[in-house]
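Below, each chain spelled out in residue letters.
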Amino acid sequence: MKKIITGIKQNIKLSNFNTFRTGGKARFFYEAKSEDSLVKVLKFAKENKLKFFIIGNGSNLLINDEDFPGLVIRMLIKGKKVESKREKNSVVSAFAGESFDNLILFVIKHNLSGIENLWNIPGTVGAAVVQNLGAYGVEVDDFVESVEGVDINNFKKFVFNRKDCDFAYRDNIFKRNKKLIITKVFFKLNNNFSPNLKYESLKRYFLDKKTPDIKEVIKAITEIRKAGLPDWRVIGSAGSFFKNPVITKEKCNELFADYPNMPKYEAKPGYVKIPIGFVLDKILGLKGYREGKVGTFEKQSLIIVNHGGATYSEIDSFAKKIEKIVFNKFKIKIEREVVEI
Ligand SMILES: Cc1cc2nc3c(=O)[nH]c(=O)nc-3n(C[C@H](O)[C@H](O)[C@H](O)COP(=O)(O)OP(=O)(O)OC[C@H]3O[C@@H](n4cnc5c(N)ncnc54)[C@H](O)[C@@H]3O)c2cc1C
């Protein structure tokens, strides 16, 4: 083993660093607060042939209870800046370890807009790109101008424009290539605010007020989320556990002929994305279904919750059960949105 660099901690409990609150100990654990220190610690991992994993706020992870024999790097590089102002939009940069909510507050403070519907999600800027964060009719990739980071094949800096990132629903180049570590993201934001109220619950909230200001939109999202989602500080979860399946239109019509009210969204030509939350809640009646310490959230079954002290294996078995119920009824294999370590 090469000399352990300053700041690396050992045998750190990972359950303290993710919102599901599972996970064994990491043999090595490092909080990266600068790009230089990040490169240094990544080199340490490579030289010692250690497996490594980057975490942000740990809000989309399901971590195994067995100890992780490698290095976990917590991304804590922070900072944000208005880079340039153009006629219709402006560019704001943020380092990967910034909280996404702090970025939104910064954007609002500078009279810019676009990403406000992504308010109140407990993640970091870097992971928002990896996960292609989405909520209330907005996906983060609509506002990404470019992404900077380190390619650990050669430790050189990369700069990808939006097109290079190859964004799709919950997918992009960073999901597929774990050797690309994001350090900074540039966002293209609107100079003039225009509320995006296409999403049903927001539309309903603003029935009597067609042109709310940005602060009213933030307030609405806070209230809507509070009414339908668990507070991640109190109840263990990782948000939506499963991805919405994308299936052919024919298969959809055939499988869901008895459910004409089921919403469907256009995906690629010939395909539709079906809201798995609707299937679990309204068709299978799984809201609040519980087995021991694990269950679906009482207000929406797409969220699996840790009622306290559940292990990785218990959550994994529970999720497998849901996957089986869906498969047996509809012959659809649902995929997990959470990242498993
Ligand atoms: C209560 C609750 C509500 C939620 N609501 C939503 C929602 O409305 N919409 C939504 O899309 N998600 C939602 N989520 C899920 C989650 O918050 C998002 O996916 C968020 O982007 C994860 O950010 P994080 O910093 O916690 O990432 P982590 O969970 O720590 O990591 C996620 C993935 O990103 C990778 N990663 C992290 N940082 C970097 C980096 N700098 N470079 C390369 N890879 C990196 C990790 O390796 C991992 O694969 C919710 C979660 C909870 C608990």
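Numbering of residues starts from 1 in each chain and follows the order in which that chain's sequence is written. A pLDDT threshold of at least 70 governs which residues receive local features in this predicted model, and a stricter bar of 80 or more applies before side-chain atom pairs are shown or counted, although totals over entire chains, interfaces and linings include all residues. To get the side-chain values, all heavy atoms of the structure are used, and hydrogens and water are removed first.

Participant: An account of the sheet that holds strand 1 (residues 9-13) is needed here, citing residue identities and associated values.
Facilitator: Read across the open sheet, the four strands follow the order 1-2-5-3; overall the sheet is mixed. In this open sheet, the two edge strands, each paired with only one partner strand, are strand 1 and strand 3 (52-55). Within this sheet the neighbouring strands show an average axis-to-axis angle of 40°, counted without direction. Here the rule is simple: two strands pair whenever DSSP picks up at least two bridges between them. What counts as a helix is a DSSP run of H or I of at least four residues, what counts as a strand is a run of E of at least two, and both are numbered from the N terminus. In this structure, strand 2 (residues 25-32) lies alongside strand 5 (residues 68-75), joined through six bridges in parallel fashion. The residue of strand 5 that forms the bridge with Tyr30 is Ile73. Working rule for contacts: check all heavy atoms of both residues, and any pair within 4.5 Å makes them a contact. Only the stretch in contact is used when a helix axis is fitted, and all axes are lines through C-alpha atoms; the angle between N-to-C directions ranges over 0 to 180 degrees. The strands that helix 1 (residues 35-47) touches are strand 2, strand 3 and strand 5; relative to strand 5, the one it contacts most, it runs at about 170°.

Participant: An account of the domain arrangement of the protein is needed here, citing residue identities and associated values.
Facilitator: Residue ranges labeled as domains rest on an automatic or database domain assignment. Considered domain by domain, the protein is made up of domain 1 (9-75), domain 2 (80-225) and domain 3 (230-340). Every contact between the two is made by five residues of domain 2 and, on the other side, six residues of domain 3. By buried area we mean how much accessible surface two parts lose on assembly, using a 1.4 Å probe and totalling the loss over both. A buried area of about 600 Å², summed over both sides, lies between domain 2 and domain 3, and 51% of it is on carbon and sulfur atoms. For domain 2, the biggest contributors to the area lost against domain 3 are Pro122, Tyr169 and Arg170; these three give 70% of the whole. Should a side-chain nitrogen of Lys or Arg be within 4 Å of a carboxyl oxygen of Asp or Glu, the pair is scored as a salt bridge. Joining domain 2 to domain 3, the criterion identifies zero salt bridges. Throughout this description, a polar contact denotes any pair of N or O atoms lying within 3.5 Å of each other; where both atoms belong to protein, one of them has to be capable of donating a hydrogen while the other can accept it, and for residues adjacent in sequence the pair is counted only when both atoms sit in side chains. Put simply, domain 2 and domain 3 have zero residue pairs in polar contact (both at pLDDT 80 or more) between them. Gly counts as polar in this scheme, as do all residues outside two lists: the nonpolar Ala, Val, Leu, Ile, Met, Phe, Trp, Tyr, Cys and Pro, and the charged Asp, Glu, Lys and Arg. Of the residues assigned to the side of domain 2 that touches domain 3, the class counts are two nonpolar, one polar and two charged.

Participant: Account for unusual backbone geometry, with residues named and values stated.
Facilitator: Even without glycine at this site, Asn132 takes up a positive phi of about 45°. Here Asn132 lies in the loop between helix 3 (125-130) and strand 8 (134-135). A 1.4 Å probe rolled over the protein chains alone gives each residue an accessible area, and that area as a share of the maximum for its type sets the label: buried under 20%, exposed over 50%, partly exposed in between. Given a relative accessible area of 0%, Asn132 falls into the buried group. Phi angles above zero are rare outside glycine, and Phe155 is one such case at about 60°. Here Phe155 shows up in the loop between strand 10 (144-151) and strand 11 (156-161).

Participant: Requested: an account of the side chain of Glu323, with residues and values cited.
Facilitator: Along the chain, Glu323 turns up in helix 10 (residues 312-330). Given the relative accessible area of 18%, Glu323 is considered buried. A distance of 2.7 Å separates the side chain of Glu323 from the side chain of Arg336, its partner in a polar contact.

Participant: Please provide a residue-by-residue account of the confidence of the model for the protein, values included.
Facilitator: Looking at the protein, pLDDT values average 94 and 100% of them are 70 or higher. In predicted models, pLDDT denotes the confidence assigned by the predictor to each residue on a 0 to 100 scale. Within the protein, the lowest mean pLDDT, 82, falls on strand 15 (residues 265-266), and the highest, 98, falls on helix 2 (residues 100-109).

Participant: Quick rundown of the site of the ligand? Include the residues and the values.
Facilitator: The criterion for a residue being near a molecule or strand is simple. One of its heavy atoms has to lie within 4 Å of it. Neighbouring residues of the ligand: 35 residues in total, closest Ile54, Gly56, Ser59, Thr124 and Gly134. Within the contact set of the ligand, an oxygen atom lies 2.8 Å away from a backbone nitrogen or oxygen of Gly58. Between the ligand and the protein, one listed contact pairs an oxygen atom with a side-chain N or O atom of Ser59 at 2.6 Å. If the ligand stood free it would expose 980 Å²; the protein chains cover 95% of that surface. Of all the secondary structure elements, the ones that give two or more residues to the shell around the ligand are strand 3, helix 3, strand 8, strand 12 (180-190) and strand 13 (236-240). Accessibility throughout is a Shrake-Rupley quantity obtained with a 1.4 Å probe, and a residue counts as covered only by protein chains that appear here.

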